[in-house]
Amino acid sequence: GKYNKNESKITFQDVADCLVFVSNCFSTQASYENQTKKSVTNKFIQDYMTEFLRENLILDGGHNPDGVSALISSLKKLKKDVIFVVAMMEDKDISAAANKIAAFAKHVIVTEVQMPRCMSAEKLAEYFPGSEIQKDSAVATKKALSICSENEIVCVCGSLYLAGEIRPQFGA
């Protein structure tokens, strides 16, 4: 529609919210596919998304209780609520690491990586009561970013393999 003088001004956060929505709604339908590709190649959107991810997405390889403790100690300094995306290998001390994450997290999305040793998302969810299950790690990360508010960050952790799988997809 048309902007009217009596309407409130559009804020930067309004634009940010719209860009996150656009980036998370990639469609494979032919009628929208080229439009989405064109908008994502727009320099302004690329610059904004790079900055948004730099400020809101943390990738960490912490996969044991000590590594998770160090991560949480660093996250506390940011003074923001944290939405975690977590995958872990079955041969790790999952219970102790998960307890530390669950105690600090605002929300947890459990996921998987394509590794034989990776615990299934369903089994990992048992360590995180109230967590959300999303087997695809990229979809899990997009979901976390889409629900991330101004005073929150997304932290992908629990496995070096998970961090390695997410990094090239999000340029973080």
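These remarks concern the structure in this document. Computed from a predicted structure; not experimentally measured.

Below, the discussion takes up helix α4 (residues 65-76). Two residues of an α-helix separated by three or four positions point the same way, owing to the 3.6 residues in each turn. Look at α4: 16 Å from first C-alpha to last across 12 residues, which is about the 16 Å you get at 1.5 Å a residue. Listed as buried for α4 are Pro65, Val68, Leu71, Ile72 and Leu75. In a view along the axis of α4, the buried residues occupy a sector of 120°, so they form one face of it. Buried residues in α4 make contact with β1 (57-59), β2 (81-86), α5 (94-104) and β5 (152-157).

The next subject is unusual backbone geometry. Here the phi dihedral of Lys79 falls at roughly 55°; this positive angle occurs in a residue that is not glycine. Locating Lys79 in the fold gives a position in the loop between α4 and β2. The exposure class assigned to Lys79 is exposed, which follows from its relative accessible area of 75%.

Another point: the pattern of salt bridges. Per the stated rule, a full pass over the model turns up 5 salt bridges. Note that Arg117 is salt-bridged to Asp91, the shortest N-O span being 3.2 Å. Taken together, the residues span a long stretch of sequence, with Arg117 in the loop between β3 (107-110) and α6 (121-125) and Asp91 in the loop between β2 and α5 at a distance of 26 residues. Taking relative accessible area as the criterion, Arg117 reaches 33% and is therefore assigned partly exposed. Linking Glu122 and Lys135 is a salt bridge whose minimum nitrogen-to-oxygen distance equals 3.2 Å. Of this pair, Glu122 sits in helix α6 while Lys135 sits in the loop between β4 (132-133) and α7 (137-147), and the two are 13 residues apart along the sequence. Owing to a relative accessible area of 38%, Glu122 belongs among the partly exposed residues under this scheme.

The next thing to look at is the environment of Val85. Position of Val85 among the secondary structure elements: in strand β2. Val85 sits in the buried class, given a relative accessible area of 0%. Taking the C-alpha atoms as reference points, Val85 and Val154, separated by 69 residues in sequence, lie 7.3 Å from one another. Excluding its chain neighbours within four sequence positions, the residues that come into contact with Val85 are Ile109, Thr111, Ala140, Thr141, Ala144, Val154, Cys155, Val156, Cys157 and Leu162.

Here the focus is the sheet that holds β5. Here we have 5 strands laid out as an open sheet, ordered β1-β5-β2-β3-β4, and parallel in their pairing. In this open sheet, the two edge strands, each paired with only one partner strand, are β1 and β4. Sheet strands in contact with α4 are β1, β2 and β5, and its direction is about 165° off that of β5. Against the sheet, α5 makes contact with β2, β3 and β5, and its axis sits at roughly 145° relative to β2, the strand it touches most.

Quick notes on the rules
Residues numbered from 1 in each chain as written. Predicted model: local features only at pLDDT ≥ 70, side-chain atom pairs only at ≥ 80, totals over all residues. Heavy atoms only, no water. Helix = DSSP H or I, 4+ residues; strand = E, 2+ residues; numbered from the N terminus. Expected span 1.5 Å × (residues − 1). Buried < 20%, exposed > 50% of the residue type's maximum accessible area, 1.4 Å probe, protein only. Arc of directions from axis to C-beta. Contact = heavy atoms within 4.5 Å. Salt bridge = Lys/Arg side-chain N within 4 Å of Asp/Glu carboxyl O. Pairing = 2+ DSSP bridges. Axes fitted to C-alpha atoms, helices over the stretch in contact; angles between N-to-C directions.

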